[in-house]
Amino acid sequence: MRNHGTDFYDNDANFEKYMQRRQWQENANDTLEKPVIMELLGDISDRHILDLGCGDAGFGVELLKKGCAAYVGIEGSRKMAEASESNLTGFNNGTVQHMRMEDYAYPRDTYDVVISRLAIHYLQDIESVFRGIHQTLKPCGKFIFSIEHPVITSTLQPSGIRTNWVVDNYFIEGYREQQWLGGTVHKYHRTVEDYFMALTEAGFRVASLRESKPVREHFLTEETYERRRRIPLFLFLEGVKNG
């Protein structure tokens, strides 16, 4: 049986290494991924937000401090969910539920915004999840998500500083196995077109498609900035539910 993506983080060693990695000053999440997510979100004042694959809910804390009306995180990893509960302590309008996003009930017309940061590429069946997200959004609500770019997931390679990248088997959809942070992780590869079509077939109007083009001011060193200009690490899509 193939492990779920969330299972990777319930291994103590993997969890610790990941949390340490997120502390790096020039980590890709903070320099490349988060700035685009924040730009797509815009003003979140008084918004009800659902975060699928919320990790330790550090981002949820930030959104609550920025004025969102309510934040609900869904997290399949037990260790991440426990970290989320700890981080959300003191926020009466912030909660986390320990479950996989595939199992969430998606109550109708409940949220203004649904976000998912670097989690959907673990799923084989995005079609049913996208339909659930469309159902749970209020009219004119937004679904914003980031994934590893399909040129990366087409042929996953060990993490670390690389001087070249391989794109292969791009149009062959399916799981790819990667050795990462000393453990094994599985991610589901699909093309840019696949993600676009899944959104439209779920009923969304695709309002934005972005890639992780680096911005110099987000980097401490010229070396890292130049390296990040070589290949897109992340893909971002924004779907809007009709009013």
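For the structure itself, consult the block above.
Residues numbered from 1 in each chain as written. Predicted model: local features only at pLDDT ≥ 70, side-chain atom pairs only at ≥ 80, totals over all residues. Heavy atoms only, no water.

Trainee: Mind laying out the pairing of strand β1 (residues 48-52), listing which residues take part and the relevant values?
Mentor: Burial analysis of β1 places four of its five residues in the buried class, which makes it a mostly covered element. Bridge count for β1 against strand β2 (residues 70-75) is five bridges, and the pairing is parallel. In the sheet register, Ile 49 faces β2, and the bridge partner there is Tyr 71. For the crossover from β1 across helix α3 (residues 58-65) to β2, the handedness is right-handed. The pairing of β1 with strand β4 (residues 111-117) spans three bridges and is parallel. For Ile 49, the partnering residue across the bridge sits in β4 and is Val 113. (Buried < 20%, exposed > 50% of the residue type's maximum accessible area, 1.4 Å probe, protein only. Helix = DSSP H or I, 4+ residues; strand = E, 2+ residues; numbered from the N terminus. Pairing = 2+ DSSP bridges. Right-handed = clockwise from strand over helix to strand, strands pointing away.)

Trainee: Before we move on, can you summarise the pairing of β4 with the specific residues and values?
Mentor: In terms of burial, β4 is a largely internal element, seven of the seven residues being buried. Inspection of the sheet shows β4 paired to strand β5 (residues 137-148) by six bridges, in the parallel sense. By the bridge assignment for β5, Val 113 is matched with Lys 142. Between the parallel elements β4 and β5, the chain passes through helix α5 (residues 126-136) in a crossover that is right-handed.

Trainee: So, the sheet that holds β4: which residues are in play, and what are the values?
Mentor: Read from one edge of the open sheet, seven strands run β3-β2-β1-β4-β5-β9-β8, paired in mixed fashion. Two strands close off the open sheet at either side, each with one partner strand: β3 (94-98) and β8 (205-211). Sheet twist, expressed as the mean angle between neighbouring strand axes with direction ignored, is 15 degrees. Against the sheet, helix α2 (residues 28-41) contacts β4, β5, β8 and β9 (234-240), and its axis sits at roughly 15 degrees relative to β9. (Axes fitted to C-alpha atoms, helices over the stretch in contact; angles between N-to-C directions. Contact = heavy atoms within 4.5 Å.)

Trainee: Tell me about the pattern of salt bridges, and name the residues and values.
Mentor: Applying the stated criterion across every chain yields a total of 10 salt bridges. Residue Arg 78 is joined to Glu 82 by a salt bridge in which the shortest nitrogen-to-oxygen separation is 3.5 Å. Placement of both Arg 78 and Glu 82 in helix α4 (residues 78-87) is noted, with a separation of four residues, approximately one turn of the helix. Its relative accessible area of 38% is what places Arg 78 among the partly exposed residues. Residue Glu 82 is classed as partly exposed on the basis of its relative accessible area, which comes to 43%. The partner of Glu 222 in a salt bridge is Arg 216, with the nearest N and O atoms 2.7 Å apart. Glu 222 sits in the partly exposed class, given a relative accessible area of 41%. (Salt bridge = Lys/Arg side-chain N within 4 Å of Asp/Glu carboxyl O.)

Everything listed is a geometric property; what it means functionally is a separate question.
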